[in-house]
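Given next are the chains, with one letter for each unit.
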Amino acid sequence: MTATSTLPHRLREALSAAGFTYDAVADLLGSTAHAALARNQTAPGLARTADGSPLATLTRLFLLQTAVTRAEAEAALPDLVDRLAVEGFLETSVGEVRARLDCRPYAAPDAAGDHDLWVASDLTPGLDGLPNRVSADHVLGISSASTSLAQLTLRDDVVTALDLGTGCGVQALHLATHAARVVATDVNPRALRLARFNAALNDLTGIEVRDGSYFEPVRDERFDLIATNPPFVISPGTGERLVYRDSGLPGDRVVEDIVRSAPRHLTPGGWCQVLANWVITDGTPWDERLAGWLGPTEEGIVSDAFVVQREVLDPAAYVELWLADEGAAGTADYLRRYDTWLSWFADQGIEGSASAGSTCGAGPTVPQGRRRCAWRSGPTRSSSRSPPRSEPGVTPSTTSHVSTTTRSSPLACGPGPTCARSPSASRARPTRRPSCSGSSGASAGVTPPTP
Ligand SMILES: C[S@@+](CC[C@H](N)C(=O)[O-])C[C@H]1O[C@@H](n2cnc3c(N)ncnc32)[C@H](O)[C@@H]1O
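Each chain has its residues counted from 1, running along the sequence as written. Note on the predicted model: pLDDT of at least 70 is required for a residue's local features to be given, and 80 or more for side-chain atom pairs to be given and counted; whole-chain, interface and lining totals, by contrast, use all residues. Heavy atoms throughout the structure, all of them, feed into the side-chain values; hydrogens and water do not.

As for helix H4 (residues 54–63)
- With eight of its ten residues buried, H4 lies for the most part within the structure.
- Partly exposed describes any residue whose relative accessible area lies between the buried limit of under 20% and the exposed limit of over 50%, with all areas from a 1.4 Å probe on protein chains only and scaled to the type maximum. A run of H or I in DSSP counts as a helix once it spans at least four residues, and a run of E counts as a strand once it spans at least two, with each numbered from the N terminus. Taken together, the buried positions of H4 are occupied by Leu-55, Ala-56, Thr-57, Leu-58, Thr-59, Leu-61, Phe-62 and Leu-63.
- Directly after H4, the chain includes Gln-65, whose backbone phi takes a positive value near 55 degrees.

The following block contains the structure:
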C-alpha cells in the first residue's frame, strides 16, 4: 500500500461517504452481533449486513471477512476496487471481491470530542474457528493492549512524541492529536508501510515513520512523551519469532532495556509510558525487581517511576494463553511446545508473569532535569473504540503499585482518553488479535498489558 499516492485520500473519501464510522458500524451490527464478533463469530453480523448498502458492504468486507459482489464493492468503493487490489488491500475474482487487509473505523477521543479514524492492518485471524496462524511479519491491528496503552497515555499538548514499535500506527495516530511532531519506529517493513498509509489515510501530516530497532532511529533525540507497547511476550525463543509479540531477547529483557533507555530520550518533564509483561521470579518481590531497572543512567539521569501490576498469571496459564493466541492449540506440536516453554520458565526460576502499564517521565513538580518512569495499568476502560476483535480471556487482577514516585497523574483521570469514555466505549473493546491483543495477560514478573 502506498502512502504517498492519492489512494489514502480517495479511500478516506469513500469510507467517509459510506458513513463507515465506529458508531455507524456498532449501530448496524447491534449489541449481539458486536459481542459475537468480539468472540470471532461472524454469523450474527452477516445476518445484520445483508442490505447491500455501502456501510454493510464495507463491514462485510473488512470486519466479517466475507466476499461481496463486485457491484456491491464498486458501490462502496467507487473507482477504487482495482486500485485497492493492485495495492494488496483486496482480491478480486469473477464477480466477487474479498479483503486481504483489514480496514476498520476507530473512534479516538481528543479535546474536541470523538475523532473518527480508520486503521488498516492485517486481517484478524481465527474468525469462525478458522486456523489462527499468522505470518512472522503479521501487523497487528488495534488490540486490547493498544487501547489500554491509549487510555493510559497522558494527553497533554506536547511538542514531540515517540511511538516505539508502532505496528499499524495506532499510538502515533493518537499522539498526533496532541503532539506537534510524532516519530514512530518499527523494524517490520510491512508495519512501516501500514503505519505510513494510516497516517496518510487519516490526513495526519505530523507523523514521521522510521525504520530501526527501538531507540536506534532516534539515537540523539529527546521527546516530551514516549508511548510504547513493545513485543513483550516472555518466551524461550525456540519457536518462530512473531515480530509483533516476540522481541527475540530473553525473558523480559526488552522491557528492562526500554525502561533503562527511556530517560535518555526524555526531555525534562517528559513521560515514557509502557505497557508490558514482566517476570515474577522466585522469592523476589516484583516491585523490588522493577525498581532495580530504575537506577540513574550512566549520564546521571534519575528517574521516578510509577508502576501498576494489573494481573498475574502462573506459568502454565501464561503458556496456554500465548500458545492459543498464536493458534497452536490442537496442532501436533502443541504438547511439546507447552512442555518446552514450561520447562524454560522453571529453569529461569519464573513463578509467573504479570502485565501492566508504566509511565516514566518528568513532571512539572519534579526538579528540573529529573526524569520519571512509571508503570501502570488499570482495569481496562476503552476510551478508544474500534469494532471488536476477540481476545483471550483475561482476569482483571488486583492492582498493586510499585512506585518510586509521588506523582499519581498517570493513574488519575486526566485529559486523556482514559476518562472520556462512555459505557458503550468499554463494550467496544478492540477485538482480540493474535498474540498481541492478548490481553494484558499477566505472567511472571512485571505487570504487562498485552501486546
Ligand atoms: C505489540 S505490537 C504494538 C503495535 C502498536 N504500537 C500497538 O500499540 O498496537 C509491537 C510492535 O513492535 C514492533 N517491533 C518488534 N521488534 C521491534 C524492534 N526491535 N524495534 C522496534 N519495533 C519492534 C513490532 O513489529 C510491532 O509492530
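A word on the site of the ligand
- Only heavy atoms are used to decide nearness, and a residue is near a molecule or strand if one of them lies within 4 Å of it. Residues in close proximity to the ligand total 20 residues, the closest being Ser-146, Gly-165, Asp-186, Ser-213 and Tyr-214.
- Two N or O atoms count as a polar contact when they lie within 3.5 Å, although within protein this holds only if one can serve as hydrogen donor and the other as acceptor, and sequence-adjacent residues are included solely when both atoms are side-chain atoms. Tyr-214 is positioned with one of its backbone polar atoms (N or O) 2.8 Å from a nitrogen atom of the ligand.
- The separation between an oxygen atom of the ligand and a polar side-chain atom of Asn-229 is 3.0 Å.
- The protein chains shown are the only cover counted for residues, whose accessible areas, like all others here, come from Shrake-Rupley with a 1.4 Å probe. Compared with its free state, where it exposes 590 Å², the ligand has 98% of that area covered by protein.
- Residues of the shell around the ligand, tallied by class, amount to nine nonpolar, nine polar and two charged. Side-chain classes follow a simple rule in which Ala, Val, Leu, Ile, Met, Phe, Trp, Tyr, Cys and Pro form the nonpolar group, Asp, Glu, Lys and Arg form the charged group, and the remainder, Gly included, forms the polar group.

Topic: the packing of aromatic side chains
- Pairing of aromatic side chains here covers Phe, Tyr and the six-membered ring of Trp, requires ring centres within 6.5 Å, and sorts the geometry by plane angle: under 30 degrees stacked, over 60 edge-to-face, intermediate tilted. Under the defined criterion, the tally for this structure stands at six aromatic pairs.
- Measuring from ring centre to ring centre gives 6.1 Å for Tyr-318 and Trp-322, while their planes differ by 65 degrees; the resulting arrangement is edge-to-face. Of this pair, Tyr-318 and Trp-322 both sit in helix H12 (residues 315–325), four residues apart, roughly one helical turn.
- Overall, Tyr-318 belongs to the buried group, its relative accessible area being 0%.
- Its relative accessible area of 0% is what places Trp-322 among the buried residues.
- On the basis of an interplanar angle of 45 degrees and a centroid distance of 5.8 Å, the ring pair of Tyr-318 and Phe-345 is categorised as tilted. On the criterion of sequence distance, the pair formed by Tyr-318 in helix H12 and Phe-345 in helix H13 (residues 334–347) is long-range, its members being 27 residues apart.

Concerning the sheet that holds strand S3 (residues 96–99)
- The antiparallel open sheet is built from three strands, whose spatial order is S1-S3-S2. With partners counted over all chains shown, the strands left at the sheet margins are strand S1 (68–69) and strand S2 (90–93), one partner each.
- What makes two residues a contact is simply this: any of their non-hydrogen atoms within 4.5 Å. Helix axes are fitted to C-alpha atoms over the stretch in contact, other axes to C-alpha atoms as well, and angles between N-to-C directions run from 0 to 180 degrees. Across the sheet, H4 is in contact with S1, S2 and S3; its angle to S3 comes to roughly 55 degrees. At least two bridges found by DSSP between two strands are what make those strands a pair.

Examining helix H9 (residues 189–201)
- Relative to the 18 Å expected for 13 residues at 1.5 Å per residue, H9 spans 18 Å between its end C-alpha atoms, a close match to the ideal helical length.
- Considered for burial, the residues of H9 that qualify are Arg-190, Ala-191, Leu-192, Leu-194, Ala-195, Phe-197, Asn-198, Ala-199 and Leu-201.
- Against the buried residues of H9 lie helix H1 (7–17), strand S4 (101–110), strand S5 (113–122), helix H8 (170–175), strand S7 (179–186) and strand S8 (207–211).
- Between the side-chain oxygen of the N-cap and the backbone nitrogen of Arg-190 there are 3.0 Å, and the N-cap of H9 in question is Asn-188.
- Following H9 by one or two positions, Asp-203 has its phi on the positive side, about 55 degrees. Each residue after the first adds 1.5 Å to the expected span of a helix.

Considering the side chain of His-178
- Mapped onto the elements, His-178 comes out in the loop between H8 and S7.
- Relative accessible area serves as the criterion here: at 6%, His-178 is assigned to the buried category.
- Of note is the side chain of His-178, whose polar atom sits 2.9 Å from the side chain of Arg-155.
- Those residues in contact with His-178 that sit more than four places away from it in its chain are Leu-154, Arg-155, Asp-156, Asp-157, Val-158 and Leu-225.

Here we look at the environment of Leu-175
- Mapped onto the secondary structure, Leu-175 falls in helix H8.
- Using a relative accessible area of 1% as the deciding quantity, one classes Leu-175 as buried.
- Spatially, the C-alpha atom of Leu-175 lies 8.2 Å from that of Leu-162, the residues being 13 residues apart in sequence.
- Contacts of Leu-175, omitting those with residues within four sequence positions, involve Thr-153, Arg-155, Ala-161, Leu-162, Asp-163, Val-182, Leu-225 and Ala-227.

Quick notes on the nonpolar core
- Judged by nonpolar contacts, the single largest core of 69 residues is most densely connected at Phe-20, Phe-62, Leu-77, Phe-89, Leu-90 and Ile-207.
- Top element by residues in this core is H9. It accounts for seven residues.
- Sequence-distant contacts of Ile-207, defined by excluding residues within four places in its chain, comprise Ala-172, Leu-173, Ala-176, Val-182, Ala-184 and Ala-199.
- Among the buried residues, those of types Ala, Val, Leu, Ile, Met, Phe, Trp, Tyr and Cys that are joined through side-chain atoms within 4.5 Å form a nonpolar core. Core analysis: the next-biggest nonpolar cluster, separate from the first, contains 25 residues, Phe-215, Val-274, Trp-293 and Ala-305 among them.

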